Every structure is written in structure tokens, then in C-alpha cells.
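Summary of structural features
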Amino acid sequence: MSLQPIRNPKELGPIDYYTSGHRTCAGCGPAIGYRLATKAAGPKTVLLGPTGCMYVANGHQFLTSPYAVPWFHTQLGGGGAAGIGTAAAFRALTSKGKRKREEVNVLVYGGDGGFADIGYAGLSMAMTYDYQRLLYILYDNESYANTGIQASSTTPWGATTTFTPTGRVRRIGNERMKKNVALTIAAHPGVRYVATSALYPPMDFVNKVRKAFNSGGPAFIQVLTPCPKGWFFDPKHTVTLSRLAVETGAWALWEYEEGAFSLTYKPPKRRGLAEYMRLQGRFTHLSDEDIERLDRMIEEQWGLWLESDRQKRLILSWTPPPTPL
Amino acid sequence: MRIWTGTRAIAEAVKIADVDVIAAYPIRPYTGVMNELAKMISDGEFSAEIIVADSEHSQFEIAKHASAVGARTFVGSSGVGLLYAAEAITVTALAQLPVVALAGCRALDDPGNFGMEWNDTLVFRDFGWLVSWAKDAQEALDMTLVAYRVSEDRRVLLPQFVAVDGATITHIASPVTPPDERIEGFLPPYKPPYPLDPEYGPITKSQHIAPSLIGPEQRKVVDASVKRSREVIEEAWRDFGKRVGRSYPPFLETAYMDDAELAIVTMGAYTKDAVYVAKKLREEGERVGVVRLRYWRPYPAQELRELLEGVRGIAVLDFSYSFGSPDMGGAFYNELRAALYEANQKPLILDFLFTGGREPSVKHFREAVEITKRAVERGRPERLVYWPTLRGDDI
């Protein structure tokens, strides 16, 4: 049973599988992502959640659960293995006649801490297997957001976190460059489907989720989800920031389907990065020159994204790390 | 009858149990069991998903999550590998998933050491896993089958380690008689009460909670399951004995204990050497017996008290150690002392530590009994802990 592409949001129907009963922050980007992805996956889905802000915020206070499909916690570093174990159980039980033949989507939905850091090896292991209808989504809010905003390896250069604060001696905050997890997952031979997405445009994310499940192998999507608490912005700006991330080119939307690369969104005229960064409190200490320099880096990167799109294959860039002025 | 190593015998049990999902990651001496299973599956002897994991942590997470769906699972490790998986091992028990794992006991690093020690497995005494301890390949096979029966019982629903002493059981081939078709019906299919399967509707499992709502209650539920496993273990071994014709006492195996003044208490493979030593000493007129624990969790404290209350001295053959612990002994020694604290007549209990993986011999066990006997005659021990295989001064 393949999941048809969605052209009109109304085709998704009124039922939510991530619904009331959580206590995420106002304007929570990951919660919007959860809602879209589970709606796209539908009721025949098992959802697995590595520890992260979406674990802590989705339960806790009144023993309520926002999940209208089976859901199980996995340890912070266990996401990759949990998906494999769950998919293996379904395949073993159906092939041995212990369970009726019926396709089940296994959706492991972890944060950047879980998939870019501690659970990265397990995620990589999963990409070398051939389990079908197994999708790993990395919701990238660029920090450990449930423990008080600590840097992860997807925290962008220049962002302040409690582990990378600005100070009298260290002016920049986080001095590491954001790890591009999706590109590294695309480097696994035989991987069927890898994509990046954002909360804007929403149907881009929904259809990528459906494509991923149809792909015939383990698939991976990295979705950028702004976090009001960690990025320090007014909760009303969550979708605006998703849109600006895409339109400034700070976050490129692409997919990698059986070896073929394509951009799924090309900004007609790229907006300046300052518009995106000045809405966020985590970058306020950066100078205009810093932001201009980052803007130039993005410009160079976009040359490669567009060339990759033209050639339908990935070209890796080497980006020199920015040093503080 | 076959000649099988311990790991082969356990692999045969996994095949008989028709396990669905197996997760492998290599570390000596447990690895052999996965080598055997991989070959069996490659040859079509039975069907299972066998995952080659990227670490022990992943290995135990795979088993945990496959079990949540309703698959029968098998996993295992040794030494520091087990400790690397400790996080996944914790949550498997607290989510009450009946995974069965081989613990092939091995000394912990550093330095790298292929010898046998119990610390890798005894560390997990506080984790909610049942821990059974085999003394040879035959018992390892039988214990694995019984482990699935006990762990999957609705009154228990807990994971279980089948511990076997590294090398001495895992790698030594000995005569094993596999159970035949009489075993059928002994292991009903595993049916979890709340499978993680959309067919059974939505459940939310192991969500984050406020300790004010469910904290100690959940711990108490797991504890009650461990305690309830006692009756299930007794039932299972009784049923196993009836079907297969091989009977085992459920918790304690004893030799020459009827009129014993001195007792050797141990677990695992070296029990046979201890019984040999006791036999020789009996011939010399010494009233020596041997007690072996078959389960470390649930701990047979009551049985030990009843059996050892009248004994005057106990020599503990201990392959565990806790650096700087009370009286400088291992978990094995200290738990036995704790169990006998309530005894009306407390025996002298001396610990003989075989730590660091160096193999002991019957000479050391004989010395242990002699030292214990002298302490009893004097009415007090010179010291409580000895390191019989240590070279140089025991300071």
C-alpha cells in the first residue's frame, strides 16, 4: 500500500495522530513537525521517540499522551537500533506466520542530540539494512532543548547556548560549524531516500514523509524546526523563521532519491541572512560583518547546491570555518 | 547425546525456542553463540531476523524494541560489552520486556583480560533482570529454555540473563543431550499483554512522568514481579523435569550437605571442582558440603538460611570483587553475609577471591576449606578475605 502524494492539505483529512495532551512550549516548532509527519504517515504507524525535548514535553504532568498511534520511548542513543528492532520484529512475525500480513510504518522521530551526536552510529547502522517502511526523522532545533539549551553538533556557528556562551574572551559563542547530517546519510551506499525539509512549505515536508515510506528501504529526513526557547524569539515567529530559513538560503530543501539529487525549493531571489538572524536572540552578539561573512558563505554554498541540482548528483563543498574578526 | 560447547548448547536452545529476532555484536567469550546462530539461520535450520549491530548498546536496544512488538528475542555479551549496553539493559527491565540474554562472564578492562570474573554480570543485580547461573553446557541449554518460559510468564514479564562462566563453559565441549519433541508445549508462543502494534490500537509506553504521579509505585511493581518469579521458576523446572526427564532443584544445588560442618558456597562451572574437593575431604573424614546458587536474582536468601544455619564455617568461592568494599569482598560474598545476618546461629564466612581472571585449581579450593576449618576451630577468623591465586604478599 503506497502513500499517495498530497496536493491539497484537505486530502490529509481531519484526524491527527499527534494531538492534544502534550505540554510543549508556545510556538514549538518540533510539535508542528510531529503533527505534520504523523498525519502524513497515517494510522498504521508505530512511533518511536528517543529522549529529547519532545520526550520530556509530551508526557509528564497528568499522564496524558498526545499519541493516537502506538508510541514507545527509546534511549537518547538508541533511536537507530529501536527502529531496526521494531522493523525486524514485524518482518519476523509476518514471515513466520505469527502475525497477519499488513504493512506497518515505523517512524523514529529524534532530535539533533539523538541523531547527530549520541545516536549517530546507530542511525548509520540502520541505513545499511533493507527494512522497508522505516523512516528516521531528525527534528533539528539546533540544540539540546530540554536540558536548558546546550550546543549539539548541529548548532550553527555563532549561536549562544549554555555550553557555548559568549563572554569577555570568547566573543562568538558556538565556534563549530553545523554538521550536515543529511549529507552524511546520503553517503550510505544503497540508501533509497534522504531529504531535508522545514515547516515551510508544509506540504513539502508531508510529501517527503510519504515518499520516504514508499521508498523501499530505510529513509532519513532532517527537518529544521525553530525553537522559541532555544533560539530566543517571539513564539508567533515559528513559521516565519522556517520560511526565512528557506528563503534566505540558510537551510536548503533537497531530496536524494536512489542516487539522484534535486532541490525541492529554489529561492527566486535569495533574501539577506540578516533578516533571519536578527529575529533570533541567540545571534544578537554577532556583528553585521559576521553576518555578512556568513551570507557570503551561503552564496558560495548555493552555487554548489544549484550545480548539484543541474547535474542531479551531489557535489560536496569544503567550507573554511569562519574565524572571528 | 552430542558434544557441544556451552555457546553451541545455548544456540540450540534458541533454535528450539524458535526465537524471532537476534541481535549480535562480537566480544569474547560470548561471541560463539552468535556464530552458531548465524550459521544455523544461513543454513535454514530455523528462521529469525539476525541483526549485526554497531554496538552492544544498539544490540540490547534492538532486542528491547523487537520484544515490545511481540517478538521472542535473544541477545548477549560479555565483560565491558555488557557494561556498554547498561543503559539499554536498564530500560528493558523497567519496561518489563522478557528479553533473554547470554552473559558470558569475563574480567572487566583495563587491562584487557580474557579470564573469567563475575563482576560484569553481578553489576546487574540491581537492574530488575532475573539472573540464572549454569554450571555446564547441558544446564545452560536447559536454563535458556526455562528462561523464556519464566520471563514471558504474565506473572513475571522480566528480562533474564543466563550467565555462564567464560571459557570454562562457553568454550569447553562436553556431552549434551538436547530435549526431543517432549519439549513441545513447554514454551507457548509469546503474547505480550500490550504489544506495540497498530493492530492492537494505540498505547503510549514509557512516557516521561512526574515522580509525584508514578515513582516508587513503578519500582515496586518491578520488584513484585521479581519476587513473583520465584513460584514461576519452581513451576517451570518441575514441568521441565516431567517433560524432559532431567530434574533440577530450582534455586540451590547441594552436595554432602546433610551433616556438613563446613560448606563451600559458589556458582557456575567451578562447582564441579568444589564437589570433587568435598568428596576427597569426606574420604579424609572432614564433614564438608557444597552449595551452589542456580539463581542470583531472585536471590534464594530463605533457602540459604535454612540450609546453612547449622554450619560452622563457610568458604565462599568468589569471582566477584568490589574495590574497597566492606571487608574487601565481592558482591557474592557480601550478599551471602547479608542473607545469613538473620540466622540464629551465624557461621563464620570467609571469602576466597579469584579475581583478575586467573584460573584457580582444586589445590586452592582445598586450601580454602582448610583455612575455614582452622578459623572455626579457633572460633574466630584471622581475616575474612583471601586471594588464593595472588602472587606475592596479600596486603
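Residues numbered from 1 in each chain as written. Chains lettered and ligands numbered in written order. Predicted model: local features only at pLDDT ≥ 70, side-chain atom pairs only at ≥ 80, totals over all residues. Heavy atoms only, no water.

1. Structural notes on the overall build of chain B
Along the backbone of chain B there are 12 helices and 16 strands. The C-alpha radius of gyration computed for chain B amounts to 21 Å, which stays within 12% of the reference 21 Å derived for 395 residues, consistent with globular compactness. Projected onto its principal axes, the C-alpha positions of chain B cover 70 × 55 × 45 Å. Counting across all 395 residues of chain B, residues that qualify as buried make up 60%. (Helix = DSSP H or I, 4+ residues; strand = E, 2+ residues; numbered from the N terminus. Rg over C-alpha atoms; globule rule 2.2 N^0.38 Å. Buried < 20%, exposed > 50% of the residue type's maximum accessible area, 1.4 Å probe, protein only.)

2. Focus on unusual backbone geometry
With an omega of -5 degrees, the peptide bond running from A:Y200 to A:P201 counts as cis. Among the secondary structure elements, A:P201 is positioned in the loop between β5 (193–198) and α7 (202–214). Note that the residue after B:R297, namely B:P298, is joined by a cis bond; omega there is 0 degrees. For B:P298, the position within the fold is in the loop between β13 (295–297) and α10 (301–308). In this model, B:A167 sits at a positive phi of 70 degrees, which is unusual for a non-glycine residue. Of note, B:A167 is situated in the loop between β7 (160–165) and β8 (174–176).

3. Remarks on the sheet that holds strand β14 (residues 313–318) of chain B
Residue and element names in this part refer to chain B. The mixed open sheet is built from 6 strands, whose spatial order is β10-β12-β11-β14-β15-β16. Sheet topology places β10 (252–255) and β16 (385–386) at the edges, where each strand pairs with a single neighbour. In terms of strand pairing, strand β11 (residues 262–266) meets β14 through 4 bridges, oriented parallel. Within β14, the position partnered with L262 by the bridge is G313. (Pairing = 2+ DSSP bridges.)

4. Remarks on the packing of helix α1 (residues 29–41) of chain A against α7(A)
All names here are of chain A. At their nearest, the axes of α1 and α7 sit 9 Å apart, and the two run at 45 degrees to each other. By the angle between their axes, α1 is oblique relative to α7. Once α1 is placed against α7, the crossing between them reads as right-handed. Every residue of α7 that contacts α1 at G33, L36, A37, A40 and A41 is listed here: P202, F205, V206, V209, R210 and F213. Taken together, the residues of the contact of α1 with α7 break down into 9 nonpolar, 1 polar and 1 charged. (Axes fitted to C-alpha atoms, helices over the stretch in contact; angles between N-to-C directions. Parallel < 35°, antiparallel > 145°, perpendicular 65-115°, else oblique. Left-handed = near helix turned anticlockwise from the far one by under 90°. Contact = heavy atoms within 4.5 Å. Nonpolar A, V, L, I, M, F, W, Y, C, P; charged D, E, K, R; others polar.)

5. Remarks on the sheet that holds strand β4 (residues 134–140) of chain A
With mixed pairing, 9 strands are arranged side by side in an open sheet as β8(A)-β7(A)-β5(A)-β6(A)-β4(A)-β3(A)-β1(A)-β2(A)-β9(B). A single partner strand is all that each edge strand has here, and the edge strands are β8 (260–263) of chain A together with β9 (204–205) of chain B. Lying on the sheet, helix α3 (residues 56–69) of chain B is in contact with β1 (45–50) and β2 (71–74) of chain A; it crosses β2(A) at an angle near 165 degrees.

6. Considering helix α1 (residues 6–16) of chain B
Residue and element names in this part refer to chain B. The element α1 is extensively covered by neighbouring structure, given that 8 of its 11 residues are classed as buried. For α1, the full list of buried residues reads G6, T7, A9, I10, A11, E12, A13 and V14. Positive backbone phi, at 50 degrees, marks D18, one or two positions downstream of α1.

7. Structural notes on the nonpolar core
Grouped together as the largest cluster of nonpolar side chains are 238 residues, with contacts concentrated most on B:F74 and B:L308. Contacts of B:L308, omitting those with residues within four sequence positions, involve B:M257, B:A263, B:V265, B:V291, B:I314, B:L336, B:L340 and B:P347. (Core = buried A, V, L, I, M, F, W, Y, C linked by side-chain atoms within 4.5 Å.)

8. What about the side chain of B:S229?
Residue and element names in this part refer to chain B. Note that S229 resides in helix α8 (residues 216–244). In this structure S229 comes out as buried when scored by relative accessible area, which is 0%. Contacts of S229, omitting those with residues within four sequence positions, involve L130, V156 and P298.

9. Describing the interface of chain A and chain B
In many reports, interface size means the accessible area that the parts give up when they come together. On the side of chain B, 41 residues touch chain A, which itself brings 47 residues to the contact. Of the roughly 3600 Å² buried where chain A meets chain B, counting both sides, 62% is carbon and sulfur surface. Here chain A is connected to chain B by 7 salt bridges. A salt bridge links A:R99 to B:D197; the shortest N-O distance between them is 2.5 Å. Remark: the boundary between chain A and chain B carries 19 residue pairs in polar contact (both at pLDDT 80 or more). Put simply, the parts of the chain that give the side of chain A that touches chain B at least two residues each are β1, α2 (53–56), β2, α3 (79–95) and α5 (120–126) of chain A. In terms of residues, the side of chain A that touches chain B owes the most to one element, α3(A), which gives 11 residues. Among the residues forming the side of chain A that touches chain B, the class breakdown is 26 nonpolar, 15 polar and 6 charged. (Buried area = accessible area lost by both parts, 1.4 Å probe. Salt bridge = Lys/Arg side-chain N within 4 Å of Asp/Glu carboxyl O. Polar contact = N/O pair within 3.5 Å; in protein donor to acceptor, adjacent residues only side chain to side chain.)

10. Quick notes on the pattern of salt bridges
Considering all chains together, one arrives at 65 salt bridges over all chains under this definition. Here A:D295 makes a salt bridge to A:R270, at a shortest N to O gap of 3.3 Å. With A:D295 in helix α11 (residues 288–311) and A:R270 in the loop between β8 and α10 (273–277), this pair connects stretches of sequence that are 25 residues apart. Of the two residues, A:D295 and A:R270, neither departs from the other in class, the shared state being buried. In this structure, B:R125 and B:E335 form a salt bridge, with 2.7 Å as the shortest nitrogen-oxygen distance. Of the two residues, B:R125 sits in the loop between α6 (119–122) and β6 (130–133) while B:E335 sits in helix α11 (residues 331–339), which places them 210 residues apart along the sequence. Given a relative accessible area of 13%, B:E335 falls into the buried group. Salt bridges sharing partners connect three or more residues here, namely A:K44, A:R99, A:E102, B:D197 and B:E199.

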